[in-house]
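For reference, the chains in residue letters:
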Amino acid sequence: MNIIITISITAFIVLYAGLFKANKALLPLTVVGLLTALGFTFCAWNGNAVHFGMMQTDNFALAFSGICIIGTLLIFLLTQNYFHAKSDNIAEYYTLILFALAGMIMMVSYKNMAMLFVGLEIMSVSLYILAGIRKKDFASNEASLKYFLMGAFSTGFLLFGITLIYGATGSFDLDKIQAYLVNSQAISPIFYPGVILMMIGLSFKVGAAPFHFWTPDVYEGAPSLITTFMSTVVKTAGFAAFLRLFAGALAPLHDFWAAPLMVIVCLTLFIGNVTALFQKNFKRMLAYSSISHAGYLLFSLIVLTKNSGNNVLVYAAAYTFASIIAFAVLILVKQKTGSDSFESFNGLAKRNPLIALCLTVAMLSLAGIPLTAGFIGKYLMFLNVMTEYKTLLVAFAILNALVGFYYYFRVIAAMWFKDGAETELSAPAQYKVVLLVSVAITLILGIYPAIILNLI
Amino acid sequence: MEQLLLLIFLPLVGAIITAFAGKSAKIVSTVFSVVSLVLTLVIAGNFIPNASTQFEVNLPWIADLGINFHAGIDGISMLVVLLTNLLVPIIILSSYNHQYKNPAAFYALILFMQCGLLLVFTALDAFLFYIGWEAALIPIYFICAIWGGKDRIRINMKFFVYTIAGSLFMLMGIIYLYLQNPAHNFDIQAFYALNLDSAQQGWIFWAFFIAFAIKMPIFPFHTWQPDTYTAAPTQGTMLLSGIMLKMGIYGVIRWLLPIVPAGVHDWGQVAIVLSIIGIVYASLIAFTQKDAKRLVAYSSIAHVGLISAGIFAFNQQGMQGAMVQMLSHGINVVGLFFVLDIIFSRVKTNKIEELGGIAKVAPQLALTFLIIVLGTVALPGTNGFIGEFLLLMGVYNYGIWAAAIAGLTIIFGAVYMLRMYQNVMLGETNSLTITFTDIKGTEKLVLYTICALIIVLGIYPKPVLHLTEASVQHLLEQVNQKLNTVK
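Residues numbered from 1 in each chain as written. Chains lettered and ligands numbered in written order. Predicted model: local features only at pLDDT ≥ 70, side-chain atom pairs only at ≥ 80, totals over all residues. Heavy atoms only, no water.

Draft legend 1. How the structure looks around the overall build of chain A. Summing up its helical and strand segments, chain A has 19 helices and two strands in all. For chain A, whose C-alpha radius of gyration is 21 Å, the value lies close to the compact-globule estimate of 23 Å for 456 residues. Reported as C-alpha extents along the three principal axes, the dimensions of chain A are approximately 70 × 55 × 40 Å. Per-residue burial for chain A yields a buried fraction of 64% across its 456 residues. Counting only contacts in chain A whose residues sit at least 6 apart along the sequence, the fraction spanning at least 24 positions is 79%. Accessible surface for chain A amounts to roughly 15600 Å². Of this, 68% is attributable to carbon and sulfur atoms. Placing the 25 positive and 17 negative side-chain charges of chain A at their respective mean positions leaves the two points 3 Å apart. (Helix = DSSP H or I, 4+ residues; strand = E, 2+ residues; numbered from the N terminus. Rg over C-alpha atoms; globule rule 2.2 N^0.38 Å. Buried < 20%, exposed > 50% of the residue type's maximum accessible area, 1.4 Å probe, protein only. Contact = heavy atoms within 4.5 Å. Areas by Shrake-Rupley, 256 points an atom, 1.4 Å probe, with all protein chains shown as cover. Lys, Arg positive; Asp, Glu negative; His and termini not counted. Charge placed at Lys NZ, Arg CZ, Asp CG, Glu CD.)

Draft legend 2. Examining the overall build of chain B more closely. Along chain B, the regular secondary structure elements total 20 helices and two strands. What you see for chain B is a C-alpha radius of gyration of 21 Å, in line with the 23 Å of a compact globule of 487 residues. In terms of overall dimensions, chain B has a C-alpha envelope of 70 × 55 × 45 Å along the principal axes. When contacts within chain B are restricted to residue pairs at least 6 apart in sequence, long-range pairs at least 24 apart make up 82% of them. Of the accessible surface of chain B, which amounts to about 15900 Å², a share of 67% is contributed by carbon and sulfur atoms. Taking the average location of the 23 positive side-chain charges in chain B and that of its 21 negative ones, the two points are 12 Å from each other.

Draft legend 3. Looking closely at the packing of aromatic side chains. Applying the stated criterion across every chain yields a total of 63 aromatic pairs over all chains. Relative to Phe 64 of chain A, the ring of Phe 60 of chain A lies with its centre 4.8 Å away and its plane at 50°, an arrangement referred to as tilted. Remark: Phe 64 of chain A and Phe 60 of chain A occur in helix 3 (residues 59-77); sequence separation between them is four residues, near one turn of the helix. Between Phe 417 of chain A and Phe 142 of chain B, the ring centres sit 6.0 Å apart and the planes meet at 65°, which makes this aromatic pair edge-to-face. Taken as a pair, Phe 417 of chain A in helix 17 (residues 391-417) and Phe 142 of chain B in helix 5 (residues 126-147) lie in two separate chains rather than in one. Both residues of the pair, Phe 417 of chain A and Phe 142 of chain B, belong to the buried class. (Phe/Tyr/Trp six-rings, centres within 6.5 Å; stacked < 30°, edge-to-face > 60°.)

Draft legend 4. Quick look at the environment of Leu 354 of chain A. Residue and element names in this part refer to chain A. Assignment of secondary structure puts Leu 354 in helix 15 (residues 353-367). Put simply, Leu 354 and Leu 435 are 81 residues apart on the chain and 9.4 Å apart in space, counted from C-alpha to C-alpha. Beyond its immediate chain neighbours, meaning those up to four positions away, Leu 354 contacts Lys 432 and Leu 436.

Draft legend 5. Quick peek at a nonpolar patch on the surface. Side chains of Met 1, Ile 5, Ile 9, Ile 13, Leu 29 and Phe 52 of chain A sit close together on the surface and give an oily, nonpolar patch of about 560 Å² of accessible area. Of all the elements, helix 1 (residues 2-19) of chain A adds the most residues to the nonpolar patch, at three residues. (Patch = residues over 30% accessible without salt bridge, like charges linked within 9 Å, V, L, I, M, F, W, Y side chains within 5 Å. Salt bridge = Lys/Arg side-chain N within 4 Å of Asp/Glu carboxyl O.)

Draft legend 6. Looking closely at the packing of helix 8 (residues 198-215) of chain B against helix 11 (residues 261-288) of chain B. Residue and element names in this part refer to chain B. Orientation of helix 8 relative to helix 11, taken along the N-to-C sense of each, is 45°, at an axis distance of 7 Å. Judged on the interaxial angle alone, helix 11 and helix 8 are oblique. Handedness of the crossing formed by helix 8 with helix 11: right-handed. On the side of helix 8, the interface is formed by Ser 198, Gln 201, Gly 202, Phe 205, Trp 206 and Phe 209, while helix 11 contributes Pro 261, Ala 262, Gly 263, Val 264, Asp 266, Trp 267, Val 270, Ala 271 and Leu 274. Taken together, the residues of the contact of helix 8 with helix 11 break down into 10 nonpolar, four polar and one charged. (Axes fitted to C-alpha atoms, helices over the stretch in contact; angles between N-to-C directions. Parallel < 35°, antiparallel > 145°, perpendicular 65-115°, else oblique. Left-handed = near helix turned anticlockwise from the far one by under 90°. Nonpolar A, V, L, I, M, F, W, Y, C, P; charged D, E, K, R; others polar.)

Draft legend 7. Layout of the interface of chain A and chain B. Taken residue by residue, the interface counts 35 residues in chain A and 31 residues in chain B. Carbon and sulfur atoms supply 86% of the area buried between chain A and chain B, which totals about 3100 Å² over both sides. At the boundary of chain A and chain B, one finds zero salt bridges. Along the contact surface separating chain A from chain B lie three residue pairs in polar contact (both at pLDDT 80 or more). Listing elements by their share of the side of chain A that touches chain B, those giving two or more residues are helix 15, helix 16 (373-386), helix 17 and helix 19 (450-453) of chain A. Looking at which element gives the most residues to the side of chain A that touches chain B, the answer is helix 17 of chain A, with 15 residues. For the side of chain A that touches chain B, a count of residues per class yields 29 nonpolar, four polar and two charged. (Buried area = accessible area lost by both parts, 1.4 Å probe. Polar contact = N/O pair within 3.5 Å; in protein donor to acceptor, adjacent residues only side chain to side chain.)

Draft legend 8. Quick peek at the pairing of strand 2 (residues 67-73) of chain B. All names here are of chain B. Most of strand 2 is tucked away, with six of its seven residues classed as buried. Bridge count between strand 1 (residues 54-62) and strand 2: six bridges; the pairing is antiparallel. Bridge pairing in strand 2 places Asn 58 opposite His 70. Between strand 1 and the antiparallel strand that follows it, strand 2, lie four residues; Gly 66 among them carries a positive phi value of about 70°. (Pairing = 2+ DSSP bridges.)

Draft legend 9. Structural detail: the confidence of the model for chain B. With 99% of its residues at a pLDDT of at least 70, chain B reaches an overall mean of 90. When pLDDT is averaged over each element of chain B, helix 4 (residues 103-122) of chain B comes out on top at 93 and helix 14 (residues 358-361) of chain B at the bottom at 86. (pLDDT = per-residue confidence, 0-100.)

Draft legend 10. Layout of the state of the cysteines. Residue and element names in this part refer to chain A. Inspection of every chain in the model, using the stated rule, returns zero disulfides over all chains. The thiol sulfur of Cys 68 is not disulfide-bonded, and the nearest other cysteine sulfur, from Cys 43, lies at 19 Å. The class for Cys 68 is buried, based on a relative accessible area of 1%. (Disulfide = S-S within 2.5 Å.)

Draft legend 11. Representation of the pattern of salt bridges within the structure. All names here are of chain B. Inspection of the entire model under this criterion finds 17 salt bridges over all chains. Close ionic contact of Asp 151 with Arg 154 constitutes a salt bridge, the shortest N to O distance being 3.0 Å. Residue Arg 154 is classed as partly exposed on the basis of its relative accessible area of 48%. Arg 346 is the salt-bridge partner of Glu 443, the closest N and O atoms lying 3.0 Å from each other.

Draft legend 12. Just the side chain of Thr 409 of chain B, in detail. All names here are of chain B. Looking at where Thr 409 falls in the secondary structure, it is placed in helix 18 (residues 408-425). Here Thr 409 falls in the buried class, since its relative accessible area comes to 3%. Setting aside residues up to four positions removed in sequence, Thr 409 forms contacts with Ile 279, Ala 302 and Leu 306.

Draft legend 13. Expanded view of the packing of helix 7 (residues 174-183) of chain A against helix 10 (residues 224-249) of chain A. Residues and elements named next belong to chain A. The interhelical angle for the contact between helix 7 and helix 10, taken along N-to-C directions, is 35°, at an axis separation of 9 Å. Our pair here, helix 7 against helix 10, has a crossing hand that is right-handed. Only Arg 244, Leu 245, Gly 248 and Ala 249 of helix 10 make contact with helix 7, whose side of the interface consists of Leu 174, Gln 178 and Leu 181. A per-class count over the contact of helix 7 with helix 10 returns four nonpolar, two polar and one charged.

Draft legend 14. Representation of the nonpolar core. Within the largest apolar cluster, 387 residues are counted, with the highest numbers of intra-cluster contacts made by Phe 282 and Phe 409 of chain A together with Leu 365 of chain B. No other element matches the 20 residues that helix 13 (residues 308-337) of chain A contributes to this core. Not counting residues within four places of it along the chain, the set of residues in contact with Leu 365 of chain B comprises Val 339, Ile 342, Ile 343, Ile 358, Met 425, Phe 436, Asp 438, Ile 439 and Leu 447 of chain B. (Core = buried A, V, L, I, M, F, W, Y, C linked by side-chain atoms within 4.5 Å.)

Draft legend 15. Looking closely at helix 15 (residues 363-376) of chain B. Residue and element names in this part refer to chain B. For helix 15, which comprises 14 residues, the first-to-last C-alpha distance of 20 Å matches the rise-based estimate of 20 Å (1.5 Å per residue) to within 8%. Of all the residues in helix 15, the buried ones are Leu 365, Ala 366, Thr 368, Phe 369, Ile 371, Ile 372, Val 373, Gly 375 and Thr 376. Packing partners of the buried residues in helix 15 comprise helix 12 (292-313), helix 13 (316-347), helix 14, helix 16 (383-398), helix 18 and helix 19 (442-459). Looking one or two places after helix 15, you find Ala 378, whose phi comes out positive at around 65°. (Expected span 1.5 Å × (residues − 1).)

Draft legend 16. Summary view of unusual backbone geometry. The omega torsion of the bond from Ala 209 of chain A to Pro 210 of chain A falls at 0°, within 30 degrees of zero and hence cis. Checked against the element boundaries, Pro 210 of chain A lands in the loop between helix 8 (191-206) and helix 9 (214-221). Cis geometry marks the peptide bond from Met 216 of chain B to Pro 217 of chain B; its omega dihedral reads -10°. Following the sequence through the fold, Pro 217 of chain B ends up in the loop between helix 8 and helix 9 (225-231). Positive phi values are uncommon outside glycine, yet Asn 48 of chain A reaches one of about 55°.

Draft legend 17. Quick peek at helix 2 (residues 23-43) of chain A. All names here are of chain A. Taking 1.5 Å per residue, 21 residues should reach 30 Å; helix 2 reaches 31 Å between its end C-alpha atoms and fits that length. Regarding helix 2, the residues found buried are Leu 26, Leu 27, Thr 30, Val 31, Gly 33, Leu 34, Ala 37, Leu 38 and Thr 41. The buried residues of helix 2 occupy one face: seen down the axis, they fall within an arc of 165°. Those residues of helix 2 that are exposed and angled more than 90 degrees off the buried face are Lys 24, Val 32, Phe 42 and Cys 43. Where helix 2 is buried, its residues touch helix 1, helix 3, helix 4 (90-109) and helix 18 (429-447). (Arc of directions from axis to C-beta.)

This is how it looks when you write it as structure tokens:
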């Protein structure tokens, strides 16, 4: 509870600071606010408190809150001079991102489906505005409109699903729903479509195929920093919400929803990877690869074990930090060259070896090479599904991972093996901090993942 | 125990220091590789040649997942560790007449790869083995793709995706074994003790075999090899052919045979047939090559095919032959590629027909090259002879026809290698080779060392045979025993 209050208050303070043109104070204020929220997250650890029957800050919620807050913090550090170049009213950016974060904290810790809906809407509405915040830019407007229409549509699915489940069980509370599933002799027939509709609604939000069509356009059209936020932190929160519902309350019904989920996973993996392969634009490639990662993340729900939640946590952490590196470098390169095609990365190793090295680690992690966090994430997913000996499914995922190697290594090849413009590319100090922190986390989780394996 | 940790991680420390050494990277990396070699010799001196695992390290790493840092050395490991740490300084020394751009990165990657290789060759935990397997691949990918020749990006992408495809399916097999293991860990002894039925063993066999076959490479998984060898910088080719392909062979011996003996029993015949097809096929293609480097690349496929056939023949002679031949092939092939590199650095070509008469102007090079070629074609008195003789004996015990066809490798090999030697070194000098200068400095040091090893091991191979004998014996007994219980 303290976490949400802190973040919301920070958001208001930042808004007022913007009103009084205290632009220099925005970032320090935000950072202090987020660090305080992070502090509350640590304090609440193992507390397992229930707040008014609506939210439960168990370790699952706190771990995901922690990742979301750290991710947001790193993204804020990347804002240096970024928003200034785009708009005068930069306080809006800060406030909206903070509101979105508050919504996400609700999404990862809800105990009542009403809270899920409220959190999701707080987050989504902030994001609709953020995607379109470059008012004069056509692509940004398009992204915002698309995102809004698709988002509203998916919210409809979600609400309908919630209603049907309420109709069957008479409650929004996750524990009561689970109790209903375990105890009732015959489950009401309207419960099942409710589950499917909720699955569709949430799949929209996390960008899983075949409900992924908005992702590439929105990611490409939105300002890069907002894209970073959407594809990392927002996605992580979406998966936490997914997991809280399906691995928690709906777990007794696993036999029913595992089959449609499997279809979604296979489609997501295949479409994400194969389409990413044909992209010529780095940002679009990352958008499609984020779809494929959604597939790996949902992988852990196909076979529910006691580790499923933790596996998603590890994978989401690995993916978040690697993606932050990738987008940070993309922003730098785009500022310098004005393009985000693969060619603009040519010869990056000569222009700035440190940045190239960081991006290489990120790509290795996204591809899943040992000694990076991404490998541990993928390994846990494969291990999880292999416990029920679904060998063919794992083989399918492996084939997709191979496709992934190809397009991630194309970036590495461009940076190290090709010659490009010889212009120096320098990184501001804050970018260096973000890059090095993310690289350090990626490598530490890859070499000694024991620190994160038993969090939940 | 500390010795083994030092042995594995010294190259890693070396790699990190070399990366920051700037212009003196060459010297720093040489020092580290030589110190590693000395350390290896000390360990080999303290090694008691029996079947036991020595210098064992077993530290918890990721306890929740049952992953331990478990490594140790037995006779078979000792041999490949010796080979690795012997070849790395030779390979580094052989680069002295090159001026690679960004040398710090180049030498750091070589040492980093050495660390990965040592992990593979000493790991007694399947997860650790897999980590080492990939850790050796990443540096060589960068070495080949940064400092390589024409079309290097496409070729190395093929090489990389090919090898990683194999290893991912191996990872799937490893996870399967882990789940079957009631103790839920990756310990090699626990894997040996598993009781799998023949269907399970069958698919695990393929999951592992394809990974190893791609690495060696065995026909039909070899298509990445000639291009990669040709496009790589010479040191990259040496690392690939001299050491890296032994990862595949070692994997078969350490992991495949003892874990799935019934799988090997059922499918080993296919492996032998593929190996023998590879021998003949690669030899025939080697005949037609115009580029000496490609010729050596194909000859390498033929030699590895024989080693693999000898292993899958599964008897004492074949196995011991494979041991000796791993060492000999590593030394010889590095020598061959070095000679070709020397020629290329002088006249900028490796095309056989453009060369000729080099022996007249460079007698020392001609002599050393001759010794290496003779070693490669297995002339009695050279190191190649012992290995190939034992391998053929092993294959003969398996089947006469198999041995008859596999034996062609010696005849074919002699023909194409000697013809290559004749065309390159003998005859009249032409306008290109007339200004050829003889070997000097480190070139001399490297080539004479290699020649000395070829002759010494050829005349007195007993230390090598003795080193691995007990371990090989133990392996055979262990596998046969397990095979009997499955039936």
